[in-house]
There are 2 protein chains.
Amino acid sequence: MTGRNTRSSNVPTLLGPAASRRERRRLDSEARILTAAEQVFAEAGFSGATTAVIAAKARLPKANVHYYFGTKERLYRRVLKRILDAWLASGDGIRADAEPASAFSDYIAAKVEASRRQPFASKVFANEILHGAPQLTDYLAEQVRRWVEDKAKVIDHWVARGLMRPVDAPHLFFVIWSATQTYADFDCQIRAVLKRERLRPEDYSAGAALITRMVLSACGIAEVTASRAAKRARRR
Amino acid sequence: MTGRNTRSSNVPTLLGPAASRRERRRLDSEARILTAAEQVFAEAGFSGATTAVIAAKARLPKANVHYYFGTKERLYRRVLKRILDAWLASGDGIRADAEPASAFSDYIAAKVEASRRQPFASKVFANEILHGAPQLTDYLAEQVRRWVEDKAKVIDHWVARGLMRPVDAPHLFFVIWSATQTYADFDCQIRAVLKRERLRPEDYSAGAALITRMVLSACGIAEVTASRAAKRARRR
DNA sequence: ACCCAATCTGACCAAACGGTCAATTTCGGA
DNA sequence: TCCGAAATTGACCGTTTGGTCAGATTGGGT
């Protein structure tokens with residue numbers, strides 16, 4: 001591994017579309033490897049995944065994968081990194097100046113949508129935590145913990161203003177996370193029970209609707225109808 | 001592998017306490033291996049687990065493990081089998097002649113208790129489904145699907161009798177399963193957020209209480225207080 | 001046109017792992 | 001007591017897998 005990071009001096013305006021042929025090709029290969037890796041790690045876990053399979057799925061020789069990412073573990077960490085950034089950003093709508101009803105239902109809808117659109121990401125994350133989060137101990141203890149502390153403050157604020165009944169905020173998030181992510185992580189079980197070859201959009205929306213109803217009613221919040229939510233969104 | 005199944009002719013009254021020394025020792029070894037295997041499969045997944053580690057944890061030579069169970073896959077299936085039997089039996093309280101409120105809260109309490117007492121079992125099961133249930137496709141499509149159909153009928157019956165609001169029964173179970181099992185499968189994340197070295201009894205009961213509250217309120221059922229539930233239990 | 005660094009890749013290697021086996025020991029029945 | 005089946009175990013084997021490397025190729029700067 002030599003100077004992969006030594007930007008050549010002629011690099012154009014910040015990796016713009018005018019990047020050199022070499023750079024474009026490299027970025028394309030890295031992206032293909034990361035996508036393939038996410039899928040393979042999701043399906044087989046860290047130990048079950050092999051760099052050979054990842055390389056084949058990315059249509060590259062195995063040595064190429066190691067040229068770009070060094071070791072399987074480093075590649076795995078890069079895959080995790082991509083997933084975590086999206087994870088943390090997903091709760092931005094839970095702010096003190098939002099309405100609890102729409103904040104919760106939007107958050108739940110976004111989480112279920114993530115399970116639908118990025119099932120591999122969810123599975124990689126689930127697998128990592130299931131096995132003790134050897135790569136994420138710091139992340140959980142710092143970022144996620146702070147995230148929950150912040151959101152708990154928002155919820156306490158809503159409670160103080162009489163907008164909802166008191167709830168145990170951390171446990172509320174544990175439930176929301178598990179219930180929404182189960183549509184990605186355990187899709188196999190859900191498909192078997194529902195007799196589906198593949199989960200359909202209405203399956204996801206039925207799940208989101210039930211989870212929302214459970215959260216809102218437990219918090220003593222009147223449910224927001226779809227049309228009212230749409231109207232509210234348009235007003236902004 | 002010779003006649004391990006050839007019961008010796010002197011076998012006493014159905015494996016009773018008077019089983020021969022050999023038989024007792026064999027059963028003890030098998031049990032130790034199964035327990036060790038459950039733990040190792042939970043921590044490392046199927047591919048990450050090695051028969052050497054399982055053997056070490058059972059304090060037996062590796063060849064002994066293969067003598068009893070043949071292959072790693074057969075051992076894994078035996079571990080799964082044990083887990084599934086307990087899983088199916090856990091919903092026995094959900095019957096048409098039960099009260100919805102106590103049936104749900106008992107079921108949720110039992111599920112959370114299972115997460116507390118048998119976290120390894122839950123993790124092995126979660127790992128299997130997460131990776132597409134290669135060993136459980138039939139089980140999910142037959143036993144679990146039938147289980148849900150049965151319980152859905154019970155719930156519809158309760159709805160028809162005006163005991164609760166209509167809900168999407170399958171999705172209700174998806175939520176209950178994921179929310180209760182998350183206390184075993186994702187304990188690592190929960191511990192990080194709650195700043196715990198280990199989860200405490202009150203953490204599990206807080207989770208169970210919230211899940212129960214969410215389910216009951218979503219079903220339009222008044223909550224059963226602990227004391228009332230105890231009284232009801234005593235009356236039986 | 002020419003050079004050199006970046007990139008690419010087939011071939012290879014050592015370690016780890018699942019599984020086997022032959023040799024030995026342990027028991028239970030006669 | 002003695003025999004044979006069951007049980008035990010250390011040593012061994014073929015395969016898989018993560019990772020390496022030397023040599024070939026490519027492309028951009030001059």
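Source: prediction; values computed, not measured.

Q: How should I be thinking about the nonpolar core in this particular structure?
A: Soluble globular proteins tend to pack their nonpolar side chains together in the buried interior. Judged by nonpolar contacts, the single largest core of 64 residues is most densely connected at Val215 of chain A together with Val215 of chain B. Ranked by residue count, the leading element in this core is helix α8 (residues 169-185) of chain B, at 9 residues. The contacts of Val215 of chain A, once residues within four sequence positions are left out, are Phe104, Ile108 and Ile176 of chain A together with Met214 of chain B. Phe69 of chain A together with Val40, Phe46 and Ala58 of chain B belong to the second largest nonpolar core, which has 46 residues in total.

Q: Even after reading the chapter, I still don't get the relation of the copies chain A and chain B, so can you show me in this structure?
A: In this structure, two copies of a chain are linked by a rotation about an axis accompanied by a shift along it. Under the fitted operation, chain A is carried onto chain B by 0.0 Å of movement along the axis and a turn of 180 degrees, and the coordinates agree to an RMSD of 0.1 Å. These values place the two chain copies in the arrangement generated by a two-fold rotation axis. The overlap is high: 100% of the interface residues of chain A also sit at the interface in chain B, so the same surface is used on both sides.

Q: What should I look at first to understand the interface of chain A and chain B in this one?
A: Across the boundary between the two partners, chain A contributes 45 residues, which contact 45 residues of chain B. Of all the secondary-structure elements, those providing two or more residues to the side of chain A that touches chain B are α1 (21-48), α6 (119-130), α7 (137-160), α8 (169-185), α9 (187-194) and α10 (201-218) of chain A. Here the residues of the side of chain A that touches chain B sort into 27 nonpolar, 12 polar and 6 charged.

Q: Any chance you could explain helix α1 (residues 21-48) of chain B here in plain terms?
A: The end-to-end C-alpha separation of α1 of chain B is 35 Å, well short of the 40 Å expected for 28 residues at 1.5 Å each. Along α1 of chain B, the sharpest kink reaches roughly 85 degrees, centred on Ala42 of chain B. The elements touched by buried residues of α1 of chain B are α1 of chain A together with α2 (51-57), α3 (62-69), α4 (72-89) and α6 (119-130) of chain B.

Q: I keep staring at the environment of Tyr67 of chain B and nothing clicks. Help me out?
A: Its location among the elements puts Tyr67 of chain B in helix α3. For the pair formed by Tyr67 of chain B and Val53 of chain B, sequence separation is 14 residues and the distance between their alpha carbons is 16 Å.

Q: I'm lost on helix α7 (residues 137-160) of chain B in this one. Help?
A: The first and last C-alpha atoms of α7 of chain B sit 33 Å apart over 24 residues, in line with the 34 Å expected at 1.5 Å per residue. Its maximal kink placed at Val144 of chain B, α7 of chain B deviates by approximately 25 degrees.

Q: Quick question: what am I supposed to make of the confidence of the model for chain A here?
A: Low pLDDT marks stretches whose predicted atomic positions should not be read closely. Per-residue pLDDT for chain A has a mean of 89; in total, 86% of the residues score no lower than 70. Predicted confidence for residues 1-16 of chain A stays below pLDDT 50, and this span has 4 contacts to residues more than four positions away or in other chains.

Q: Is there a simple way to explain the packing of helix α5 (residues 100-117) of chain A against α10 of chain A in this structure?
A: How two helices sit against one another is set out by the angle between their axes and by the gap between those axes. Residues and elements named next belong to chain A. Closest axis-to-axis distance for the α5/α10 pair is 9 Å, and the angle between their directions is 150 degrees. Here α10 runs roughly antiparallel to α5, going by the angle between their axes. Once α5 is placed against α10, the crossing between them reads as right-handed. Contacts from Ala101, Phe104, Ser105, Ile108, Ala109, Val112 and Arg116 in α5 reach Tyr204, Gly207, Ala208, Ile211, Thr212, Val215 and Leu216 in α10. A breakdown of the residues in the contact of α5 with α10 according to their chemical character gives 10 nonpolar, 3 polar and 1 charged.

Q: For this particular structure, what's the right way to read the environment of Arg82 of chain B?
A: Its location among the elements puts Arg82 of chain B in helix α4. Here the alpha-carbon distance between Arg82 of chain B and Thr180 of chain B, two residues 98 residues apart in the chain, equals 20 Å.

Q: Would you mind showing me how to read the packing of α10 of chain A against α8 of chain B here?
A: Running from N to C, α10 of chain A and α8 of chain B cross one another at 65 degrees; their axes reach a closest spacing of 10 Å. The two elements α10 of chain A and α8 of chain B cross, and the hand of that crossing is right-handed. For the pair α10 of chain A and α8 of chain B, contact is made by Ala206, Gly207, Leu210, Ile211 and Met214 of chain A and by His171, Leu172, Phe174 and Val175 of chain B, respectively. Of the residues belonging to the contact of α10 of chain A with α8 of chain B, the class tally is 7 nonpolar, 2 polar and no charged.

Quick notes on the rules
- Residues numbered from 1 in each chain as written.
- Chains lettered and ligands numbered in written order.
- Predicted model: local features only at pLDDT ≥ 70, side-chain atom pairs only at ≥ 80, totals over all residues.
- Core = buried A, V, L, I, M, F, W, Y, C linked by C-beta atoms within 7 Å.
- Buried ≥ 20, exposed ≤ 12 C-beta atoms within 10 Å, placed from the backbone.
- Helix = DSSP H or I, 4+ residues; strand = E, 2+ residues; numbered from the N terminus.
- Contact = placed C-beta atoms within 7 Å.
- Least-squares fit on C-alpha atoms with pLDDT ≥ 70 in both.
- Nonpolar A, V, L, I, M, F, W, Y, C, P; charged D, E, K, R; others polar.
- Expected span 1.5 Å × (residues − 1).
- Bend = angle between axes of the 7 residues up to and from the residue.
- pLDDT = per-residue confidence, 0-100.
- Axes fitted to C-alpha atoms, helices over the stretch in contact; angles between N-to-C directions.
- Parallel < 35°, antiparallel > 145°, perpendicular 65-115°, else oblique.
- Left-handed = near helix turned anticlockwise from the far one by under 90°.

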